[in-house]
Structures are given as C-alpha cells and as structure tokens.
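These are the residues of each chain, in order.
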Amino acid sequence: MIEQQLWHPVTASHQVRHEPVACSLLGQPLVLWREHSHDGSHVHAWVDRCPHRGARLSLGRVLIGVHGARLECPYHGWQFAAGEGRCQHIPAAPDFVPPAAHRATVFEAREQHGLVWVRLHAPTNPLSPDLADPPAFAQSDDATWRTVLCGPYELNTSAPRLVENFLDLSHFGFVHEGWLGERGHAQVQTGVVEEGTGLAGLVVSDARAWQPRAYASAGEGTWIAYRYDVPHPFAAILRKDATQGDPVSNAIALFIRPDGNEMCTAWFVMATQGDTSSDKELIDFQDAVFAQDRPVVESQRPRALPVGRTVPVTEVHGPADRVSSAYRRYLNRLGVVLGTC
Ligand code: FES
Ligand SMILES: [Fe+2]
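Since this is a predicted model, take the numbers as computed values, not measurements.

Analysis parameters
- In this convention, every chain numbers its residues from 1, walking through the sequence in written order.
- Note on labels: chains are lettered from A, ligands numbered from 1, in written order.
- In keeping with the model being predicted, local features are shown solely for residues with a pLDDT of at least 70 and side-chain atom pairs are shown and tallied solely at 80 or more, while totals for entire chains, interfaces and linings include all residues.
- Only buried Ala, Val, Leu, Ile, Met, Phe, Trp, Tyr and Cys residues enter a nonpolar core, and they are joined through C-beta atoms within 7 Å.
- Backbone-placed C-beta atoms define the burial measure: a residue is buried with 20 or more other C-beta atoms within 10 Å of its own, exposed with 12 or fewer, and partly exposed in between.
- Numbering of helices and strands starts at the N terminus; helices are DSSP runs of H or I of at least 4 residues and strands are runs of E of at least 2.
- Here the limits of each domain have been adopted from an automatic or database domain assignment.
- We call two residues in contact when their backbone-placed C-beta atoms lie within 7 Å.
- Strand pairing is defined by DSSP finding a minimum of two bridges between the two strands.
- Note on geometry: axes are lines fitted to C-alpha atoms, helical ones only across the stretch in contact, with angles between N-to-C directions running from 0 to 180 degrees.
- Expected helix span is given by 1.5 Å per residue-to-residue step, counting one fewer step than there are residues.

Section: the nonpolar core
Proteins that are soluble and globular tend to have nonpolar side chains buried together.
So, step 1. One finds V163, L254 and I256 to be the most contacted residues of the largest nonpolar core, which totals 84 residues.
So, step 2. If you tally residues by element for this core, the top one is strand β17 (residues 264–273), at seven residues.
So, step 3. Each of domain 1 (2–119) and domain 2 (129–334) accounts for three or more of the residues forming this core.
So, step 4. Those residues in contact with L254, other than ones at most four positions away along the chain, are V163, F166, A235, A236, A266 and F268.

So, the pairing of β17
So, step 1. With respect to burial, β17 is a largely interior element, nine of its 10 residues being buried.
So, step 2. Strand direction decides the pairing type here: strand β11 (residues 146–155) and β17, joined by eight bridges, are antiparallel. Paired with L149 across the strands is V269, a residue of β17.
So, step 3. Of the pairings in the sheet, the one linking strand β16 (residues 249–258) to β17 comprises 10 bridges and is antiparallel in character. Within β17, the position partnered with I252 by the bridge is M270.

What to know about the domain arrangement of the chain
So, step 1. According to the domain assignment, the chain contains domain 1 (2–119) and domain 2 (129–334).
So, step 2. Its C-alpha centre places domain 1 at a distance of 34 Å from the equivalent point of domain 2.
So, step 3. Contacts between domain 1 and domain 2 engage 16 residues on the former and 14 residues on the latter.
So, step 4. Mapped by element, the contributors of at least two residues to the side of domain 1 that touches domain 2 are β1 (8–12), β9 (106–112) and β10 (115–119).
So, step 5. When residues of the side of domain 1 that touches domain 2 are assigned to their parent elements, the largest contribution, four residues, is made by β1.

Looking at the environment of Q4
So, step 1. Along the chain, Q4 falls in the segment before β1.
So, step 2. The class for Q4 is partly exposed, based on 16 C-beta atoms found within 10 Å.
So, step 3. In this structure the C-alpha to C-alpha distance between Q4 and V118, which are 114 residues apart in sequence, comes to 9.8 Å.
So, step 4. Setting aside residues no more than four positions away along its own chain, Q4 makes contact with L26, L120 and H121.

Describing unusual backbone geometry
The phi torsion of most residues other than glycine is negative, and most of the peptide bonds are trans.
So, step 1. The omega torsion across G151 and P152 is 5 degrees, close enough to zero to call that bond cis.
So, step 2. Structurally, the position occupied by P152 is in strand β11.
So, step 3. That bond from R301 to P302 is cis: its omega, -5 degrees, falls within 30 degrees of zero.
So, step 4. Even without a glycine there, the phi angle at L26 is positive, about 50 degrees.
So, step 5. Checked against the element boundaries, L26 lands in the loop between β2 (21–25) and β3 (28–37).
So, step 6. Under the C-beta neighbour-count criterion, L26 is labelled partly exposed, with 17 such atoms within 10 Å.
So, step 7. Located in the positive-phi region is H113, a residue other than glycine, with phi close to 60 degrees.
So, step 8. By the secondary structure assignment, H113 is in the loop between β9 and β10.
So, step 9. On the basis of neighbour count, H113 is assigned to the buried category, with 23 C-beta atoms found within 10 Å.

Re the sheet that holds β9
So, step 1. Overall, antiparallel pairing links the six strands, which are arranged β1-β10-β9-β4-β3-β2 in an open sheet. The sheet is open, and its two edges are formed by β1 and β2, each paired on a single side. Adjacent strand axes in the sheet meet at a mean angle of 35 degrees when their direction is disregarded.
So, step 2. Sheet analysis places β3 next to strand β4 (residues 40–47), joined by eight bridges and oriented antiparallel. When the sheet's bridge partners are listed, S37 is paired in β4 with G40.

Focus: the environment of A55
So, step 1. Mapped onto the fold, A55 is located in the loop between β4 and β5 (61–65).
So, step 2. Among the residues examined, A55 registers 16 C-beta atoms within 10 Å and is labelled partly exposed.
So, step 3. In the structure, A55 is positioned 50 residues away from Q5 in sequence and 27 Å away in space, judged by C-alpha atoms.
So, step 4. With residues near it in sequence (within four places) discarded, A55 still touches C50, C73, P74 and Y75.

Quick notes on helix α5 (residues 322–334)
So, step 1. With 13 residues, α5 should reach 18 Å at 1.5 Å per residue; the first-to-last C-alpha distance of 19 Å fits that figure.
So, step 2. Within α5, the full set of buried residues consists of V323, S324, A326, Y327, R328, Y330, L331 and L334.
So, step 3. Looking at the buried residues of α5, the elements they touch are α2 (159–166), β12 (192–195), β13 (202–211) and β14 (222–232).
So, step 4. Count one or two residues on from α5 and you reach G335, which has phi positive near 80 degrees.

Side note on the environment of H185
So, step 1. With respect to the helices and strands, H185 occurs in the loop between α3 (172–175) and β12.
So, step 2. Taking the C-alpha atoms as reference points, H185 and P94, 91 residues apart in sequence, are found 74 Å from one another.
So, step 3. With residues near it in sequence (within four places) discarded, H185 still touches G173 and W210.

Written out as structure tokens, the structure is:
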C-alpha cells in the first residue's frame, strides 16, 4: 500500500517531552520519545512493544546517561539505545552483552511544521519528489510569517473527505455564512487547475470567492484569491490574499493522520502576515470555522470518498466541482486505498 510509504503526522511536537508517548499510525501502535543530545533534540518512533516479552515500551521511561539517551522497558528494565534501538543493558544479567537481534523496531521520524511525522516503510519504487519528505509548507519555515498550530481535530470521516472539503469553495456561503461566504454571493471561480502527471499533486491558482470575514481580524467583506497545493493525498495547503489591497495574507496547511477508512485526525498550521489577532484569537477562529464544517462533513455518506475504485461513483458533479474531481483523479493515480471507495 502506498499509504504505508508516505510520511504522516502522528502528534504535535510539543506533546512529546520527557515521557514516552503512545500513539498509533495505520493500525501500528507506536511509542514516541524525545532524545536531547549535544546536537539538539530528536524524536524517535518505535514499535510500542518490547522485543523481550511484549510489554508496551510507552509505559517505560527515558534515561539520559553518559552513554546517551535510552528507553527503558517498564517490565524488566531492558534499556534500548536511541538510533537503531539496540538493547544495551539487561539489569538482571548485567554482564551479558546483548546480541544485535535484541532490538526495538525503529521507524523513520521527523519534526516539521510543529508536528511529528512518521513513515512506516521506505518506498519500494521511487515516489514523486513531493512525497519523499513530509509535505513542504514554505510559510512555516519563513520567519516573516507567524504560525500557530490548531488541533488536533478527531473526525468521524475519512481523510480524503476532509481534504475535499478544504478544497471546496462552493460550500462557504452555506456552511460558513457570514464568515467565509454569503448565500447571496455564492458564485465562485474555480481558477486554473493544474493536474500533475504521474504521482505529482495538484496546484489550483486564481480561484476566487467573496468573503464577509475572511480571517480573524477582517473588517469587511472582499473578494479573496485562493491558491491550493495538494502535495500529498492527505495534505493540502492554501494561500489566500485579499484582491483589493488588504495588507493581510494568510496561508493554511491541513495535515491529516488517517486513522482508518472512516476516521482521521487533523491539524491546521495557520501562517499569517499582518493579522493583528493574538495566537488564541487565530486558534479560536479556526476552531469556530471547523465546528461549522464538522457536522456536515461527518454526515456525508459514504464516509470513504467515492473515487470509482470499487463501486461506480454514486455522486454527481457540478461545474464548481472541478478541483474535487481533479483531487479524486490524483488519489486514483497514486493508488490510494485508505478512505476511498
Ligand atoms: S518485556 Fe521488556 S524488558 Fe522484559
Ligand atoms: Fe469549510
């Protein structure tokens, strides 16, 4: 499955401090733990199971010593070293030198955009450059933008349903009336849709919608120009700018951990230039917008996104659905099974 070969967000970086943390990705229980060393801080993601007698390593503790950081199992105290996860010490037999096979199972883990990202398998075939790393989000690496992390939002629907909602301008006048849209101003311009070839993602430029309150500190309604990037099947990034000289620019990334065919956990990374709202006000705004989306998105049936993979697509499309159709074709090109039907 290609899903196993992609990077996925598993939790917020700030959740992983001194104690090990349990989480799960695509049905695989993980223990996340943080190593502080002379060259910085690293997060490790291992199978949450001790190779000795199967206890959960996330119930153990992190040891810092002269030999570097180790994770200690809660049951018999075996110590596993950062890096390759090799057992370095068995307290009940202190003179025994554990062989190489005495090791925890280690996954690749990285931190980006305030989130911990994990990949369960290295790609069997080369993926597109977009997919070789966690998705890029230029504004979160640029000090001229202020970023805040919103979420996690646990949702009873598939990750693709939520991505499609994020790409959809034509629900604004109804779901977000008075905020991101207005019934009387519901017409949208879907813009220019560039569908990548092969495994490359989508880019949508110059899409437009009328918004009464486009961001937290917006004073009045205006036309907003949208650009979307979909570099990963479960991630999308939008850049929105007022078209009439408003000094505020916003970029919002949606990153989703798929938790099955009908469940997912989402985070938004909001980046702003010029918005005078506090971080809390930005988060409250995003929480309020998401609370408007939630009941509608969770009501969609089937919860998996119909891309025509196993059953004929049972949804009809209008002219404003070009972006969502392109997204469905992208999922098909990649061979994404999780959360699709
Ligand atoms: S089960 Fe982990 S040390 Fe025994
Ligand atoms: Fe929405």
